[in-house]
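# A look at the structure
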Amino acid sequence: MRLNKYLAHAGVASRRAVEELIVRGRVRIDGKVVKELGTIVPDGAEVEVDHKRVMPAKHFTYLLVHKPVAMMTTMRDPEGRRTVAELVPKGTPRVVPVGRLDYDAEGALLLTNDGELANLLTHPRYHVPKTYLAKVKGVPAEPQLDKLRRGIYLEDGPTKPAHVEVIEKVRVNTWVEITVTEGRNRLIKRMFWRIQHPVLKLVRTKFGALDRDGL
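Scoring rules and cut-offs
- Along every chain, residues carry numbers that run from 1 in the direction the sequence is written.
- In keeping with the model being predicted, local features are shown solely for residues with a pLDDT of at least 70 and side-chain atom pairs are shown and tallied solely at 80 or more, while totals for entire chains, interfaces and linings include all residues.
- Each side-chain value is derived from all of the structure's non-hydrogen atoms; neither hydrogens nor water enter the calculation.
- Numbering goes from the N terminus for both helices and strands, where a helix is a DSSP run of H or I of at least four residues and a strand is a run of E of at least two.
- Using a 1.4 Å probe on the protein chains alone, a residue whose accessible area is under 20% of its type maximum counts as buried, one over 50% counts as exposed, and one in between counts as partly exposed.
- Any pair of nitrogen or oxygen atoms within 3.5 Å is treated as a polar contact; in protein, a donor-acceptor pairing is required on top of that, and neighbouring residues in sequence qualify only through side-chain atoms on both sides.
- Whether two residues are in contact is decided by their heavy atoms, any of which lying within 4.5 Å being enough.
- Whether two strands pair comes down to DSSP finding at least two bridges between them.
- As used here, the term nonpolar core means buried Ala, Val, Leu, Ile, Met, Phe, Trp, Tyr and Cys residues forming a set that is joined through side-chain atoms within 4.5 Å.
- One speaks of a salt bridge when a side-chain nitrogen belonging to Lys or Arg is within 4 Å of a carboxyl oxygen belonging to Asp or Glu.

Within the secondary structure, His197 is located in the loop between helix H5 (187-194) and strand E13 (199-207). Classification of His197 as buried rests on a relative accessible area of 9%. A polar contact of 3.2 Å, which involves the side chain of His197, links it to the side chain of Gln144. Ignoring sequence-local partners within four residues, the contact set of His197 consists of Val136, Lys137, Gly138, Val139, Pro140, Gln144 and Phe192.

Structural data, given as structure tokens:
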């Protein structure tokens, strides 16, 4: 089995994330640092990440949680902030979050040790839809929202067309539902900032076929 697939099956991280670990020299096979992405793991070999042994999961675990605000989408944080590790019941096999939600955002988040699924849900080529409720400042006019529907230019390139629908107008603010198929950093906030209606609150309601109903 190729090393990146081995690590993904072990629930270390997604396929793309484990490739970074390999390149940075944080992975060892039988005590030797390995930096080649295409390395094959021999049968019975001992694989370590940051000097801790890892092994592919025999059974996959899937947890769908509602991440609150003021919580990092990581299993640990060097600055001591709260992380989604707090949401995992004791005794659960090692899992990692799939994708990310901003520190000040909330909503549906999947944690799993199924690296193949994590790759399918996060790799740009698969265009998995993610739906959010965004409370934005002011009342966006339809021509402004049409820019998001067509795709709008940001500093890191144009966005793909998004599905945008006004849900509710609350005094001087507006709740907007938006569905995107990209995973760029702070994408929703930057899109609304571009049309001069900053996001005041952001909730992810759906990730692919998974939604937050019942959480």
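A word on the sheet that holds strand E4 (residues 52-54). The strand order E2-E1-E3-E4 describes an open sheet built from 4 strands, whose pairing is antiparallel. The strands lining the two open edges of the sheet, one partner per strand, are strand E2 (32-33) and E4. One ladder, built from 3 bridges, connects strand E3 (residues 47-49) with E4; its direction is antiparallel. Each residue of the ladder has a partner; that of Val49, found in E4, is Lys52.

Our focus in this paragraph is the environment of Val47. Position of Val47 relative to the elements: it lies in strand E3. When the C-alpha positions of Val47 and Val27 are compared, they lie 7.2 Å apart, and in sequence the two are 20 residues distant. Not counting residues up to four positions away in its chain, the partners in contact with Val47 are Leu3, Tyr6, Leu7, Val27, Arg28, Ile29, Val41, Lys52, Arg53 and Val54.

Attention now moves to the side chain of Asp77. Mapping Asp77 onto the fold places it in the loop between strand E5 (62-67) and strand E6 (96-97). For Asp77, a relative accessible area of 15% puts it in the buried group. From its side chain, Asp77 meets the backbone nitrogen of Glu79 in a polar contact 3.1 Å long. Those residues in contact with Asp77 that sit more than four places away from it in its chain are Met72 and Thr83.

It is worth spelling out the nonpolar core at this point. With 29 residues, the main nonpolar core has Leu111, Leu148, Ile178, Val180, Met191 and Phe192 as its most contacted residues. Discounting chain neighbours no more than four positions away, the residues touching Val180 are Val128, Pro129, Lys130, Tyr132, Ala162, Leu187, Ile188 and Met191. Counting 17 residues, the second largest nonpolar core, distinct from the first, contains Tyr6, Leu21, Val27 and Val54.

With that settled, consider unusual backbone geometry. Although it is not a glycine, Asp30 sits at a positive phi angle of roughly 50°. Relative to the helices and strands, Asp30 resides in the loop between strand E1 (27-29) and E2.

Okay, the environment of Thr39 next. By the secondary structure assignment, Thr39 is in the loop between E2 and E3. Excluding residues within four positions of it along the chain, Thr39 makes contact with Met1, Arg2, Leu3, Ile29 and Val34. A polar atom in the side chain of Thr39 sits 2.8 Å from the backbone oxygen of Glu36.

A word on the pattern of salt bridges. Counted under the stated rule, the structure contains 16 salt bridges. One salt bridge in this structure joins Arg81 and Glu79, with 3.7 Å as the shortest N-O distance. Linking Asp146 and Arg149 is a salt bridge whose minimum nitrogen-to-oxygen distance equals 2.7 Å. Within this pair, Asp146 and its partner Arg149 are both found in helix H4 (residues 142-150), separated by 3 residues, close to a single helical turn. For Arg149, a relative accessible area of 24% corresponds to the partly exposed category. Beyond isolated ion pairs, a larger network of salt bridges with shared partners links Glu155, Asp156, Glu182, Arg184 and Arg190.

None of the figures reported here should be taken as evidence of function without further support.
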